[in-house]
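Listed below are the residues making up each chain.
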Amino acid sequence: MEYPNYSVLEINGPDEVFRPVDKDRGKNAKQFSWVLLLKAHKAVGFVSWIGNIVWSLFVSIKKRLIFGTVETEKSGKGRILYRVIMMFLVMALAFLAFELMAHLKGWHLHIPQSLEIRGWLHSVYFSWLEFRAGYIAPAIQGLTNFCVALFLIQSADRMLLCLGCFWIKFKKIKPKLKEVPLKSDDLEGPGCNYPKVLVQIPMCNEREVYEQSISAVCQLDWPKERLLIQVLDDSDDESIQWLIKGEVANWNQRGVNIIYRHRLVRTGYKAGNLKSAMNCDYVKDYEFVAIFDADFQPNPDYLKLTVPHFKDNPELGLVQARWCFVNTDENLLTRLQNINLCFHFEVEQQVNGVFLNFFGFNGTAGVWRIKALEESGGWLERTTVEDMDIAVRAHLCGWKFIFLNDVKVLCELPESYEAYKKQQHRWHSGPMHLFRLCLPAIIRSKMKFWKKANLILLFFLLRKLILPFYSFTLFCIILPLTMFVPEAELSMWVICYVPVFMSFMNILPSLRSFPFIVPYLLFENTMSVTKFNAMVSGLFKLGSSYEWVVTKKAGRSSEPDLLELEERETKTMIHPQLYRGTSDSGLSALSKLKEQQEAAPKPPPVKKLNKIYKKELALAFLLLTAAVRSLLSAQGVHFYFLLFQGVSFLLVGLDLIGEQMS
């Protein structure tokens, strides 16, 4: 090793140099020592890396516990659920203490006979075993079998959807236009018979995204005289109202037919906003209405790719486009959301659109035939899922839907767990509330029996009620209990093979996310407590079932999108078409007001603290307690699942996933 750049060979004969050299020859004690030292260095580096991760996690947990704000339960149902979880946690801790004592004394090795019972504590333990086997285990086993049956039914439904998607891909089935689509060269030509389209942008306090959304919609490639844009602003902040007014005035001066509308009383949330806009007198002159939420940025050719599907298809009421996201890779939370939404659009929406001509309207990035909206009763303010409400009523009236998987509209994903949790609560409480309201109408409708069965059993019950029920009950309650009641068995294929296989099926539409399959499985089970709570509140019409919180947005745009937007705005400025819809004095006043607001000293931003979610933390300790109990009984797969699931609940409960606050 004194000369590491040279190798020494022993040559015994003239031909030895041409013979293959034995790799083990030439190795000496020093070389083996260096190899062992290198391996030891790598091992120490790996251990230190793990230690740094654990230490960082410990520091983050400590900060959350000291500075985090505790989430308060607004609804009575939320408090009841938290108390139930805490009751199970206290029982689990008591059972664990009892089992540890029995384990140390050796009582767990066999069931004692009457003559072998020594002392009152031994007698109590023997009585507990008899009561557990005779009364508790049968009840838990019955609930387990029921949840497993629901799990298998839902898995079969998911499998059928995946097979349907595979058939669509294999046969290359997609909605086709009967005629040649509209061309850009014919936009302003003589005899242009383009239908008149109304575009609506409902928003409320959308300071971060209003500008890019209005800009994208105003640059839709459609004849200006046959397009009207309504900016439906429900903001209660006057500064945001003036900013949006200024943006609308600027585009109005460029020749875009755009109107700003603001309601003084914000009733009915988004449904009330859309209903108020549709009551305008000039709406009767338009045939179609396209809806975009405030963070959506359609491409210029959006209307040319969607509206032509209505021609010569009088039964068509809705054309829905797919969402794509500008912040998919922002953090782990956005990556996991992308997996769910890719499956929703690629599989659920596409399969239902092709084989049933029906799916739930997504509330945005869709074009409605105004006649279909009117015949279906228009926008109603009775639920927080007005999009699903109007879709169900239109389906009952016989209207058909088309889903265009190739037409994509940019939007944002919630980047913080707080925003995502509130969004999921609304998405799961609203459908159950709507189910209560729509069930009599579905039963009385003149639809075919199999369509009624699909709407009630699959669309509502299986995908909106059964899924959150068995996910929470089976993996968060029953599984920990079976560790303390071993007579009630939960097979390994229920907690391992089937969930992993179904997670693999869910992740197929977004194969780039395959490395996140394990975090996805754990996170879906973690979100089951929120979805279960929302489902129950909507089903029984509790206080939080009619609660709308605007999802927080960051106003992000992808780099190609920004470049394309800049290029389009440059072309618009080179060839301006000025229509004096707004006076110059009005524009100058808005500009001065905007400059004054920008020049005014801004108040220091309010620091937002991460929250601590009590239900998730209680479930984390329940699962970790059950993991300790499973370790005593040497149940390998159950232990690892409970351990990782408990850690997942712990991270979510301490708000360590998604956007990090102060």
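Residues numbered from 1 in each chain as written. Predicted model: local features only at pLDDT ≥ 70, side-chain atom pairs only at ≥ 80, totals over all residues. Heavy atoms only, no water.

We apply this condition: UniProt positions are given in the numbering used here, feature names are shortened, and annotations may be inferred rather than shown by experiment.
Naming follows an unreviewed UniProt entry, where the protein appears as Xyloglucan glycosyltransferase 5 of Pyrus ussuriensis x Pyrus communis. The heading Sequence similarities (unreviewed entry) in the UniProt record of the protein holds the text "Belongs to the glycosyltransferase 2 family. Plant cellulose synthase-like C subfamily." Entered under Subcellular location (unreviewed entry) in the UniProt record, the comment concerning the protein runs "Golgi apparatus membrane".

**Notes on the nonpolar core**
What counts, and what does not: Take the buried Ala, Val, Leu, Ile, Met, Phe, Trp, Tyr and Cys residues and link them wherever side-chain atoms come within 4.5 Å; each set so joined is a nonpolar core. Note on classification: 1.4 Å probe, protein chains only; a residue is buried when its accessible area is under 20% of the maximum for its type, exposed when over 50%, partly exposed between these limits. Per the convention used, a helix needs a DSSP run of H or I reaching at least four residues, while a strand needs a run of E reaching at least two, with both numbered from the N terminus. Residues count as neighbours in contact if any of their non-hydrogen atoms are within 4.5 Å of one another.
Counting residues in each nonpolar core, the largest one holds 139 residues, and the members touching the most others are Ile214, Trp368 and Val392. For this core, the leading source of residues is helix 12 (residues 449-484), giving 17 residues. For Val392, the contacting residues outside a window of four places in its chain are Phe358, Leu434, Cys438, Leu455, Phe459 and Phe460. Counting 13 residues, the second largest nonpolar core, distinct from the first, contains Leu333, Tyr520, Met527 and Tyr613.

**A look at the pattern of salt bridges**
This is how it is decided: The term salt bridge refers to a side-chain nitrogen of Lys or Arg lying within 4 Å of a carboxyl oxygen of Asp or Glu.
With the rule as written, the count across this model stands at 21 salt bridges. Note that Arg207 is salt-bridged to Asp237, the shortest N-O span being 3.5 Å. Highlighted residues: Arg207 in the loop between strand 2 (197-203) and helix 4 (210-218) and Asp237 in the loop between strand 3 (227-233) and helix 5 (238-253), separated in sequence by 30 residues. When its relative accessible area of 38% is taken as the criterion, Arg207 is described as partly exposed. One salt bridge in this structure joins Asp329 and Arg512, with 3.7 Å as the shortest N-O distance. Pair noted here: Asp329 is in the loop between strand 6 (316-325) and helix 8 (332-355) and Arg512 is in the loop between helix 13 (492-507) and helix 14 (517-539), with a separation of 183 residues, a long-range link.

**Some details on the UniProt feature "transmembrane region" (unreviewed entry) in the protein**
This chain's UniProt record puts "transmembrane region" (unreviewed entry) on residues 40-59, 80-98, 133-153, 455-484 and 617-632. Segment residues 80-98 splits into 100% helix and 0% strand. End C-alpha atoms: 27 Å apart. With 100% helix and 0% strand, residues 455-484 has its two end C-alpha atoms placed 40 Å apart.

**Points about the environment of Gln337**
Turning to its location among the elements, Gln337 is positioned in helix 8. With a relative accessible area of 3%, Gln337 lands in the buried category. Between the alpha carbons of Gln337 and Glu415 there is a distance of 9.7 Å; along the sequence they are 78 residues apart. Excluding its chain neighbours within four sequence positions, the residues that come into contact with Gln337 are Leu413, Pro414 and Tyr420.

**A look at the sheet that holds strand 4 (residues 258-262)**
Rules: When DSSP finds two or more bridges between a pair of strands, those strands are recorded as paired. Axes here refer to lines fitted to C-alpha atoms; in helices the fit is confined to the stretch in contact. Angles between the N-to-C directions go from 0 to 180 degrees.
Taken in spatial order, the seven strands of this open sheet run 4-3-2-5-7-6-8, and their pairing is mixed. Looking at the sheet topology across the chains shown, the edges are occupied by strand 4 and strand 8 (400-411). In this sheet, adjacent strand axes meet at a mean angle of 20° when their direction is disregarded. As judged from the four bridges shared by strand 2 and strand 5 (residues 288-291), these two strands associate in the parallel manner.

**Comments concerning the pairing of strand 6**
Of all the ten residues making up strand 6, nine are buried; the element is thus mostly covered by neighbouring parts of the structure. Bridging between strand 6 and strand 8 involves nine bridges; their strand directions are parallel. Pairing of Ala321 across the sheet is with Leu404, part of strand 8. Two elements, strand 6 and strand 7 (residues 366-369), share three bridges in a ladder whose sense is antiparallel.

**Looking at a nonpolar patch on the surface**
Which entries qualify depends on this criterion: In this scheme, patches are assembled from residues that exceed 30% relative accessible area and form no salt bridge. Like charges are connected within 9 Å, while nonpolar side chains (Val, Leu, Ile, Met, Phe, Trp, Tyr) are connected within 5 Å. Working definition of accessibility: Shrake-Rupley area with a 1.4 Å probe, residue cover restricted to the visible protein chains.
Residues Phe46, Val47, Trp49, Ile50, Ile53 and Val54 make up a contiguous nonpolar surface patch of roughly 600 Å² in combined accessible area. By the element assignment, Trp49 lies in helix 1 (residues 29-67).

**A word on the pairing of strand 7**
If a strand is regular, its side chains alternate between the two faces of the sheet. Alternating residues of strand 7 divide into Gly366 and Trp368 and Val367 and Arg369, and every residue in both groups is buried. Pairing between strand 5 and strand 7: four bridges, direction antiparallel. Across the sheet, residue Ile291 finds its bridge partner in strand 7, namely Gly366.

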